[in-house]
Protein chains: 2
Amino acid sequence: MSRIYNFNAGPAVLPLEVLEEAQRQLIDFNGTGMSLLESSHRSKAYDAVHQEAIANIRELMGVPEDYAVLLLQGGASTQFSMVPMNLLPAGGSADYIDSGSWSHKAVKEAVKVGTVNIIGNTVKDIPTRMPDLETLKFTPGAAYVHLTSNETIAGAQYKSFPKTEAPLVADMSSDILSRPFDVSQFGLIYAGAQKNLGPSGVTLVIVKKDLVANAPESLPTMLRYQTHIDGDSLYNTPPTFGIYILMLVTRWVKAFGKEKLFQQNIDKAAKLYAALDGSNGFFRGTAEKQYRSDMNVTFRICPDGQTPNEDVEKKFIAEATAAGFAGLKGHRSVGGLRASIYNAFPVKGVDDLVAFMKNFQDKNA
Amino acid sequence: MSRIYNFNAGPAVLPLEVLEEAQRQLIDFNGTGMSLLESSHRSKAYDAVHQEAIANIRELMGVPEDYAVLLLQGGASTQFSMVPMNLLPAGGSADYIDSGSWSHKAVKEAVKVGTVNIIGNTVKDIPTRMPDLETLKFTPGAAYVHLTSNETIAGAQYKSFPKTEAPLVADMSSDILSRPFDVSQFGLIYAGAQKNLGPSGVTLVIVKKDLVANAPESLPTMLRYQTHIDGDSLYNTPPTFGIYILMLVTRWVKAFGKEKLFQQNIDKAAKLYAALDGSNGFFRGTAEKQYRSDMNVTFRICPDGQTPNEDVEKKFIAEATAAGFAGLKGHRSVGGLRASIYNAFPVKGVDDLVAFMKNFQDKNA
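The structure contained in this document is the topic of the report that follows.

So, how was this worked out
Residues numbered from 1 in each chain as written. Chains lettered and ligands numbered in written order. Predicted model: local features only at pLDDT ≥ 70, side-chain atom pairs only at ≥ 80, totals over all residues. Heavy atoms only, no water. Pairing = 2+ DSSP bridges. Helix = DSSP H or I, 4+ residues; strand = E, 2+ residues; numbered from the N terminus. Axes fitted to C-alpha atoms, helices over the stretch in contact; angles between N-to-C directions. Contact = heavy atoms within 4.5 Å. Least-squares fit on C-alpha atoms with pLDDT ≥ 70 in both. Polar contact = N/O pair within 3.5 Å; in protein donor to acceptor, adjacent residues only side chain to side chain. Phe/Tyr/Trp six-rings, centres within 6.5 Å; stacked < 30°, edge-to-face > 60°. Buried < 20%, exposed > 50% of the residue type's maximum accessible area, 1.4 Å probe, protein only. Lys NZ or Arg CZ within 6 Å of the ring centre and 35° of its normal.

### Quick word on the sheet that holds strand 12 (residues 296–301) of chain A
All names here are of chain A. Pairing is antiparallel across the open sheet formed by 3 strands, whose spatial order is 11-12-14. Because the sheet does not close on itself, it has two edges, and the strands there are strand 11 (283–285) and strand 14 (337–340). Adjacent strand axes in the sheet meet at a mean angle of 35°, parallel and antiparallel pairs treated alike. In the packing of helix 8 (residues 258–277) onto the sheet, contacts are made with strand 11, strand 12 and strand 14, and the angle to strand 12 comes to roughly 15°.

### So, the relation of the copies chain B and chain A
Least-squares fitting of chain B to chain A yields an RMSD of 0.0 Å, with the superposition described by an axial translation of 0.0 Å and a rotation of 180°. Such a turn and shift between the copies fits a two-fold axis. Considering only C-alpha atoms, the part of chain B nearest the rotation axis is Q23 of chain B, at 2.7 Å. The residues that chain B uses at the interface reappear at the interface of chain A in 100% of cases, marking a shared surface.

### Quick notes on the side chain of H146 of chain A
Residue and element names in this part refer to chain A. Here H146 lies in strand 5 (residues 145–148). Within the structure, the side chain of H146 is placed 2.8 Å from the side chain of Y190, a separation counted as a polar contact. Excluding residues within four positions of it along the chain, H146 makes contact with D95, Y96, I97, A106, V169, D171 and Y190.

### Structural notes on the packing of aromatic side chains
Given two aromatic rings, their pairing is described by the distance between the two centres and the angle made by the two planes. Residues and elements named next belong to chain A. All chains considered together, the criterion is met by 41 aromatic pairs over all chains. Summarising the aromatic geometry, the rings of Y5 and F325 are spaced 5.6 Å apart at their centres and angled 25° between planes, so their arrangement reads as stacked. Here F325 lies in strand 13 (residues 325–326) and Y5 lies in strand 1 (residues 5–6), a separation of 320 residues in the sequence. Assessed through its relative accessible area of 18%, Y5 is described here as buried. Exposure remark for F325: the relative accessible area of 5% places this residue in the buried category. Of the aromatic side chains, those joined through ring pairs into one cluster are Y5, F7, F282, F283, F299, F316, F325, F345, F356 and F360. The cationic tip of K260 hangs over the ring face of F256; the distance from NZ or CZ to the ring centre is 4.2 Å.

Structural data, given as structure tokens:
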């Protein structure tokens, strides 16, 4: 068996050590005589996993005491609704930065709940980009400001975050734990786990507790953050195995060293962007340079140095796949190519892809 | 390593063959060079898993063509809200059978959406039981009738289902796929997977499509059944690994033979209840005989043949745990003892528990 290079946008590559540990323990978890898949969520064995997952998140992200760390179900798509249902009072409004496919979905759910002010819009911009922070006009009295830190499909990423009077809410699904950030600058952060944190089926929420304490009791119990704060994410049966993998991933990040990991992420992306920029236009990055994502490197192939050529892109994907580089196809809504290089993606995979790209260019330019 | 007997109420015991297969494939799934935990939910490898899971459910439960099979997140607790949000029109009402802790939680969510008629109530009955079907007075014009087929905590189970004019909605979390039932008698069936179908984090919904086609567009997208019908449970990233385990479990049921499994469930429960009834009152079943659950056998220990004794129950649990019988403690809300003996629980585990009980009685009567 040889592991291939997995450039999937999510669910995505996990550290091999995590998979090996999960495999070792799959039938008899820590000598309990049963799999963690079979353990009660009220058992001591599972509780240790649950508490370590939360403690590791707290430690790695420097989560202040007055914030709760929640492990929920439903993905970012459910958060798109939970955020306005909990944070947007009757008659109030919220500011949304509409920067691409994901933030746009968040907007669509928020307008079902209340008034939305779109304070920046780059959904259709080519090259892809994020609205410039200095141009944003925040609405006085808005209940919160919502942004997407990294647009997975567009390959565009905010490199810093705005200072806002209203609580800042961020969908960090595709770049959480990939770089330093200050939790206290945010009111609420959410992220599907399936990119940097673990498998699909787990959603991380970090929320300032006083922000959601007064959400209406009339909300569905499962959609009130307070339910899960009160229950320590054990109000109902949590996705225990997914949380276990998330715990192992956070343990792996601690062992690797988060600063080292963050620097490695910068270096990996820089290598790939340098390969694009040094190709005389054969490979062209689709995002504006200042907003290039360190997680999702999106690009086109322009054999004449000018115009994207879908046939050559198909050929590239076919040959790359055959050579053991999986998941390089761009999202179906935009086409082109995308290399997702999350935390667990190995440096050698980037080096090998760069070599493969040079070789492909030599044969196809 | 020796596997112990796992009487947990959920997450619960899984077939050893399923765990062994998952372990074998954990790092390299079907020769893809990656774990299924890392596979894109849009990949061919995952899609085959997804489609087989749905096809197996359809086959094993005889799901008619005009019903959708959905694999969602959020557990039965989320269904408590989704059902009324999708099925209860403005100004309408729904009939609820309030038979225990779980149905009561369903009621609490439904009253947030509309008018609820409680047409039967046995929440506080001792011995535990279900409302008799022949006494139920259904409300003319009710949007639907909701029941819980098996109350996991009370250990009480409906042995047959009412014929209703309004669509019948059932929470079958703790007895789905444990016995034959006619899907066409129901409008909607839901079940958390973590008892008979797989791990926690996956929720099965079987729904007659025309029943939910007109749910309001104003609902949160993730809470509309139609979203997931349209997207074949791939509207957003599903809990891929949990669905994989569910697929393996349904494959195991097919190989074992569902009729054989259903008969085995009856036989396992009959053995345990016979042990209770043959103990001269030392062990006393807590449910009325006609409503005794085949999945969750609840009982007390009455050393004098009359009165439950918590100290002796604690002793029983401690000695049973030491002897390799795990999870026999009753739910914290009711105390006593509970042996959950779902599909994957082995016959020998029941035989060994019966022997252990006899031995315990000899020493403590």
